[in-house]
Amino acid sequence: MILSAKHLSKTYIDSDQTIKVLIDASLDVERGDLICITGKSGCGKSTMLHIMGLLDAPDSGELHIGGKVVHSNSAEAPAIRNRDLGFVFQFHYLIEDLSALENVALPMLIAGKSEAQAKARAKQLLAVLGLAERINRYPNQLSGGEQQRVSLARALANEPKLVLADEPTGNLDPAHSNEVWEMIRSLNRDLNQAFVVVTHDVEAAQKANKSFELIDGKLLRIDA
Ligand SMILES: Nc1ncnc2c1ncn2[C@@H]1O[C@H](COP(=O)(O)OP(=O)(O)OP(=O)(O)O)[C@@H](O)[C@H]1O
Ligand SMILES: [Mg+2]
């Protein structure tokens, strides 16, 4: 088991209303899984993914990573985020002042690799994602699909056990969306890379080996 979310609950309290975003949500991620989570806008998909990525804390419930309980604010959380998890945000969040190569190299430098090692692997990853010709471009010189592939490369930089992707194709046209889905599927199939992907794309979600829908705070398996 790579990651196990157990009985997560999360409630947001605004001035006058209480929103129960997650109610007893549990999810197990095993090696080689390609898991998709769909659900209406505002139902809590990003919240769920952020909690799994140690970017947010649940009100109750536990997150087990590598067999032990981890809290988002614990001393070990940053290292786990850097080493074991890769995150692809809906709006890529690439650093605009860094080239594609430097964006992908950055998490490896943070993990302690030498600049030469980090750049060599970044080059390799970008080539795998079809961007060999684009490594020295800055984010604003890349198409939306290319930017998302760079962020996928960055998420893969430190050979994470799990990639968490929040609507990685949400702002792409169908052709670029297919491109990114093909990459995700081939990385999953060829390298056994585990993914949890939040998506609006119900058709793409059918290619997952496990599918869930988040409805009224409950995470329901929809393919079994
Ligand atoms: N910091 C916050 N304070 C109060 N409410 C919040 C906060 N963050 C999120 N919410 C609310 O919690 C609910 C779930 O938000 P979340 O971003 O997880 O939804 P989502 O399923 O990812 O939506 P989308 O598909 O539009 O990205 C929404 O109703 C949102 O307004
Ligand atoms: Mg969201």
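Reference entry: report on the structure contained in this document. Computed from a predicted model, the values in this text were never measured in an experiment. In this convention, every chain numbers its residues from 1, walking through the sequence in written order. Numbering of ligands from 1 and lettering of chains from A proceed in the order in which they are written. The model is predicted, so local features are restricted to residues of pLDDT at least 70 and side-chain atom pairs to those at 80 or more, both for listing and for counting; the totals for chains, interfaces and linings are taken over all residues. In computing side-chain properties, one takes all heavy atoms of the structure into account and sets aside hydrogens as well as water.

Runs of E in the DSSP output that reach at least two residues are strands. Runs of H or I that reach at least four are helices, and both are numbered from the N terminus. Of regular secondary structure, the protein possesses 7 helices and 10 strands. As a reference, a globule follows 2.2 Å times the number of residues to the power 0.38, and the radius of gyration itself is taken over C-alpha atoms. Taken against the 2.2 N^0.38 rule, which gives 17 Å for 224 residues, the C-alpha radius of gyration of the protein at 17 Å falls within 12% of a compact globule. Here the C-alpha coordinates of the protein stretch approximately 50 × 40 × 40 Å along the principal axes. Only protein chains enter the area calculation, which uses a 1.4 Å probe; residues under 20% of their type maximum are buried, those over 50% are exposed, and those in between are partly exposed. Taking all 224 residues of the protein together, the buried fraction comes to 50%. Contacts are assigned to residue pairs with any non-hydrogen atoms lying within 4.5 Å of each other. Long-range pairs, those at least 24 residues apart, make up 67% of the contacts in the protein with a sequence separation of at least 6.

Looking now at the site of ligand 1. Nearness here has a simple test: a residue counts as near a molecule or strand if at least one of its heavy atoms is within 4 Å of that partner. As a structural note, the neighbourhood of ligand 1 is formed by 13 residues, with Ser41, Gly42, Lys45, Ser46 and Thr47 the closest of them. Measuring from an oxygen atom of ligand 1, one finds a side-chain N or O atom of Ser41 at 2.6 Å. For the purposes of these results, a polar contact is taken to be a pair of N or O atoms within 3.5 Å, where, inside protein, one atom must be able to donate a hydrogen and its partner to accept one; residues adjacent in sequence count only when each atom of the pair is a side-chain atom. The contact in question runs from an oxygen atom of ligand 1 to an N or O atom on the backbone of Gly42, over 2.7 Å. Only the protein chains shown count as cover for residues, with accessible areas throughout obtained via the Shrake-Rupley method and a probe of 1.4 Å. In isolation ligand 1 exposes 640 Å². Once the protein is present, 63% of that is buried. The nonpolar class holds Ala, Val, Leu, Ile, Met, Phe, Trp, Tyr, Cys and Pro. Asp, Glu, Lys and Arg form the charged class, and all remaining residues, Gly among them, are polar. For the shell around ligand 1, the class distribution of residues is 3 nonpolar, 6 polar and 4 charged.

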